[in-house]
Amino acid sequence: MGRQACRWVTCAEMLGQAHQLHVGPSDTAVTPLSFCPAAFESRALGSGWLGGKRSPLQMLHDLDQGPRSALAEVHRQRRDLLRRACSRHTRRQRLLRPEDLRHVLVDDAHGLLYCYVPKVACTNWKRVLLALSGRARGDPRAIPAHEAHAPGRLPSLADFGPAEVNRRLRAYLAFLFVRQPFERLASAYRNKLARPSGVAFQRRYGTRIVRRLRPRAHPDAVARGHDVRFAEFLAYLLDPRTRRDEPFNEHWERAHALCHPCVLRYDVVGKFETLAEDAAFVLGLAGAPGLSFPAPPPPPPKAPATSSRDLAARLFQDISPFYQRRLYDLYRMDFLLFNYSVPSYLRLH
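Residues numbered from 1 in each chain as written. Predicted model: local features only at pLDDT ≥ 70, side-chain atom pairs only at ≥ 80, totals over all residues. Heavy atoms only, no water.

- In the nomenclature of an unreviewed UniProt entry, the chain is known as Carbohydrate sulfotransferase of Prolemur simus.
- Of the chain, the UniProt comment under Subcellular location (unreviewed entry) reads exactly: "Golgi apparatus membrane".
- According to the UniProt record, the Sequence similarities (unreviewed entry) comment for the chain reads "Belongs to the sulfotransferase 2 family." (UniProt positions renumbered as here; feature names shortened; annotations may be inferred.)

So this is what it looks like as structure tokens:
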């Protein structure tokens, strides 16, 4: 495994000038991480910074040095697959800006960095981090969703200056959770645009989609945006005007664009498909094995239990192969970086 004893470098340093990274206003460019040979730095592995306790990064290092459990081996393979995929599929890294770090949440008490991806159990992970850090009391499941998502409740890596960012990147365990890209997309559509509870998203995005893509739309649909079809949602995502006008909303932005896994080094890549096991693995490393990760809510009474895959397959069955291919191309990097195969319900050829 090995956390590199490196820090971020500026373009000036790459040209031989010893200037420290400056994380400043949003127009300040930050270069990708400069990776050194895999080796732990004693400062990063020292235990003094966490009050004498072994840090999660140390715990993971210990697991990698001895006989690995089956789960530890799975996570080692995921790290290696991600690193190889980054080498194979990324040619020129985009320069990072300070706001690119806003999805990376910080738990200083336990030495954790968590990059949250909406629609991948991020509400429950925020609840857990609030409980771990002492910002909320009691069972994480009892923390209301609006409180978990309240701005400022959990510090972000973007809140810190360059020296503090670098220190945490060296010494903390960084993890993220991902999901099969089209199942995540289907979930975002259902929860934010197709259900009555998504009124805010329907007014902001649904009305925009209807006005742009539905000729002679009913005035009620134009005003409310409450009946956006899945095909219209996909057409909106594929429309060049969408990203030209503003960035994708985080609920359908690609995971790699939120977390930059080819620039920031992640020690654990959890997956929605193995959420319970992977969450327990992270909590064990954090020294909180007794903390239970919240289970997903049961389906509403009398509602048929529908898996994420079944929902995505049903929604995509009416999408033409041409648009399926274009959408796959848009989300291709998430499939490749996180080792997801093309789902059988797609007709890409």
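This is not the end of the story, as more comes after the structure.
**Re the state of the cysteines**
In protein chemistry, a disulfide is the covalent bond that joins the sulfur atoms of two cysteines.
Inference 1: One pass over the structure, following the stated rule, counts 2 disulfides.
Inference 2: Disulfide partner of C86: C262, at an S-S distance of 2.0 Å. Given an S-S torsion of about -85°, the disulfide between C86 and C262 has left-handed geometry. Linking C86 in helix α4 (residues 70-89) with C262 in the loop between α13 (255-259) and β4 (268-271), this pair joins segments that are 176 residues apart in sequence. In terms of burial, C86 and C262 fall into one category: buried. (Disulfide = S-S within 2.5 Å. Helix = DSSP H or I, 4+ residues; strand = E, 2+ residues; numbered from the N terminus. Buried < 20%, exposed > 50% of the residue type's maximum accessible area, 1.4 Å probe, protein only.)

**Quick notes on the nonpolar core**
Inference 1: In terms of nonpolar packing, the biggest core is built from 97 residues, with W125, F233, L237 and W252 touching the most fellow members.
Inference 2: With 7 residues, the single largest contributor to this core is helix α16 (residues 321-337).
Inference 3: Not counting the four nearest positions on each side in its chain, L237 is found in contact with L185, F248, W252, L327, L330 and Y331. (Core = buried A, V, L, I, M, F, W, Y, C linked by side-chain atoms within 4.5 Å. Contact = heavy atoms within 4.5 Å.)

**Some details on the pattern of salt bridges**
Should their charged atoms come close, side chains of opposite charge can pair.
Inference 1: According to the stated counting rule, one finds 26 salt bridges in the structure shown.
Inference 2: One salt bridge connects R97 with E99, and the closest N-O pair in it is separated by 3.8 Å.
Inference 3: Residue R153 pairs with E147 through a salt bridge whose shortest N-O separation is 2.8 Å.
Inference 4: Three or more residues joined by partner-sharing salt bridges are found here, namely D64, R68, E73, R76, R79, D80 and R83. (Salt bridge = Lys/Arg side-chain N within 4 Å of Asp/Glu carboxyl O.)

**As for unusual backbone geometry**
Inference 1: Phi at K119 is positive, roughly 75°, even though this residue is not glycine.
Inference 2: Of note, K119 is situated in the loop between β2 (112-115) and α5 (122-133).
Inference 3: Exposure remark for K119: the relative accessible area of 19% places this residue in the buried category.

**So, the side chain of T207**
Inference 1: Checked against the element boundaries, T207 lands in helix α9 (residues 199-213).
Inference 2: T207 has contacts with Q202, V222, A223, R224 and G225, leaving out every residue within four places of it along the chain.

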